[in-house]
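Chain and residue survey
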Amino acid sequence: MNYLAHIYLARYSDEAMLGALLGDFVKPSADGQFSAVTQAEILIHRKVDTFTDSHPVVLAAKSLFDGPGRRYSGILLDVFYDHVLAVRWARYSGVPLADFIAGFYGVLTRQAAVLPPKLAELAPYMIEQDWLGSYQRYAGVDRAVRRISTRLSKNGDVMRAALDDLERHAATITDGFDVFFPELITFVESQRNERQ
């Protein structure tokens, strides 16, 4: 899953949402840098990624990508799933998406001093360009994938070309999300219950 989904899954507190995002930027540790809640969500982030990568619906969606672009299908699906979540937001939350995102951007701003360097560098752009809000439109998926592709040392063009497969199979992938995402929510709840 990508940023919006991870943050949504940890929506029960600001510390948790921060940890959900940090999962892409730090390694889990018990060094006391972050609160226990934030640290727990960093670990859950990793479990969410493992669950997602091995889920039959996600594996079936990856198989829809042809040729060399298939190697980047997981990244494209993560971004596209954020788009589907944004479009279907009212199914999953009683809080308007714009309010949820604004609240999280506030968390990032208030926690700027503790962000790891890479996230501290990205956070102002994320907020200013409204990366999370941009997922409401397919154009936001396109921009995000193109932005990610520029960070690859090679084959960025291959990732960008795979956008054609994503667009061609968008309806099928969206149908799969409607099966997969509720199961992911249940999985995350079970992981939190085990920790209590």
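Look up: the structure comes first, before these words.
A brief look at the structure comes next. For every chain, the first residue of the written sequence is number 1, and numbering continues from 1 along that sequence. For a predicted model such as this one, the threshold for reporting local features is a pLDDT of at least 70, and the threshold for listing and counting side-chain atom pairs is 80 or more; totals across whole chains, interfaces and linings nevertheless cover every residue. Computation of side-chain values covers all heavy atoms of the structure but excludes hydrogens and water.

1. Quick word on empty space enclosed by the protein
- The method works on a 1 Å grid over the protein atoms by themselves. A cavity is a set of points holding a 1.4 Å probe that cannot get out, a pocket is an open set with protein on both sides within 12 Å along at least five of seven lines, and residues with an atom within 4 Å of a point line them. Grid points are joined across faces, edges and corners, and a volume is the space filled by probe spheres set on the points. A complete count under the given rule lists one cavity of 30 Å³ or more for this structure.
- Each pocket or cavity is described by its volume, and for the largest cavity that value is around 40 Å³.
- Together, H6, L9, A20, E41, I44, H45, V48, V188 and R192 line the largest cavity.
- Strands are runs of DSSP state E lasting at least 2 residues, helices are runs of H or I lasting at least 4, and numbering of each runs from the N terminus. Listed by contribution, the elements that provide at least two residues to the lining of the largest cavity are α1 (3-9), α3 (36-54) and α13 (170-195).

2. What to know about the layout of surface pockets
- Considering only enclosed or pocket space, the largest pocket measures out at about 360 Å³ in volume.
- What lines the largest pocket is a set of 19 residues, and nearest its centre among them are N2, D24, I75, D78 and I148.
- Sorting the residues of the lining of the largest pocket by element identifies α1, α3, α5 (73-87) and α10 (138-149) as the ones contributing at least two each.
- The greatest single-element share of the lining of the largest pocket, amounting to four residues, is contributed by α3.
- When the residues that make up the lining of the largest pocket are grouped by side-chain class, the tally is eight nonpolar, five polar and six charged. Three classes are used, and their members are as follows: Ala, Val, Leu, Ile, Met, Phe, Trp, Tyr, Cys and Pro are nonpolar, Asp, Glu, Lys and Arg are charged, and the others, Gly among them, are polar.

3. Observations regarding the pattern of salt bridges
- Only one rule defines a salt bridge in this text: a Lys or Arg side-chain nitrogen within 4 Å of an Asp or Glu carboxyl oxygen. Per the stated rule, a full pass over the model turns up six salt bridges.
- Among the salt bridges present, the one from D178 reaches R88, with a minimum N-O distance of 2.9 Å. Taken together, the positions of D178 in helix α13 and R88 in the loop between α5 and α6 (89-92) put the pair 90 residues apart, joining distant regions of the chain.
- Here's how the labels work: a residue is buried when its accessible area is under 20% of the maximum for its type, exposed when over 50%, partly exposed in between, all with a 1.4 Å probe on protein chains only. Residue classification places D178 among the partly exposed residues on the basis of a relative accessible area of 25%.
- We note a salt bridge from R146 to D142, for which the minimum N-O separation is 2.7 Å.

4. Thoughts on the packing of aromatic side chains
- In this scheme Phe, Tyr and Trp rings, the latter by its six-membered ring, pair at centre separations within 6.5 Å, and the angle between planes marks the pair as stacked below 30 degrees, edge-to-face above 60, and tilted otherwise. For the structure shown, the criterion picks out 13 aromatic pairs.
- On the numbers, 6.3 Å between centres and 75 degrees between planes, the contact of Y8 with Y92 is edge-to-face. Here the residue Y8 occupies a position in helix α1, and Y92 occupies one in helix α6, the gap between them amounting to 84 residues. By the burial criterion, Y8 is buried, and Y92 matches it.
- Between F177 and F181, the aromatic rings sit 4.8 Å apart at their centres with planes inclined by 15 degrees, giving stacked as the arrangement. One end of the pair, F177, and the other, F181, are both in helix α13, four residues apart, so they sit about a helical turn from each other. Of the two residues, F177 and F181, both sit in the buried class.
- Ring-pair connections join several aromatic residues into one group, and the members of that group are Y8, F51, Y81, W89, Y92, F100, F177, F180, F181 and F187.
- Sitting above the plane of the Y8 ring, R11 keeps its charged end 4.0 Å from the centroid.
- Whether a charge sits over a ring depends on NZ of Lys or CZ of Arg being within 6 Å of the ring centre and within 35 degrees of the ring normal. For R147, the ring lying beneath its charged end belongs to W131, and the centroid distance is 3.8 Å.

5. Examining the nonpolar core
- What we call a nonpolar core is a set of buried Ala, Val, Leu, Ile, Met, Phe, Trp, Tyr and Cys residues that are connected through their side-chain atoms within 4.5 Å. Of all hydrophobic cores here, the largest spans 68 residues; its most connected members are L4, L76, L85, F104, L132, F181 and L184.
- Examining the composition of this core, we find that nine residues originate from one element, α13, more than from any other.
- Discounting chain neighbours no more than four positions away, the residues touching L4 are D82, L85, A86, W89, L97, F100, L132 and Y135. By definition in these notes, contact holds between two residues if any of their heavy atoms fall within 4.5 Å.

6. Observations regarding α3
- To estimate how far a helix should extend, the number of its residues minus one is multiplied by 1.5 Å. Over its 19 residues, α3 runs 28 Å from end to end, which matches the ideal 27 Å to within 8%, given 1.5 Å per residue.
- Those residues of α3 that sit buried are T38, Q39, A40, E41, I42, I44, H45, V48, F51 and T52.

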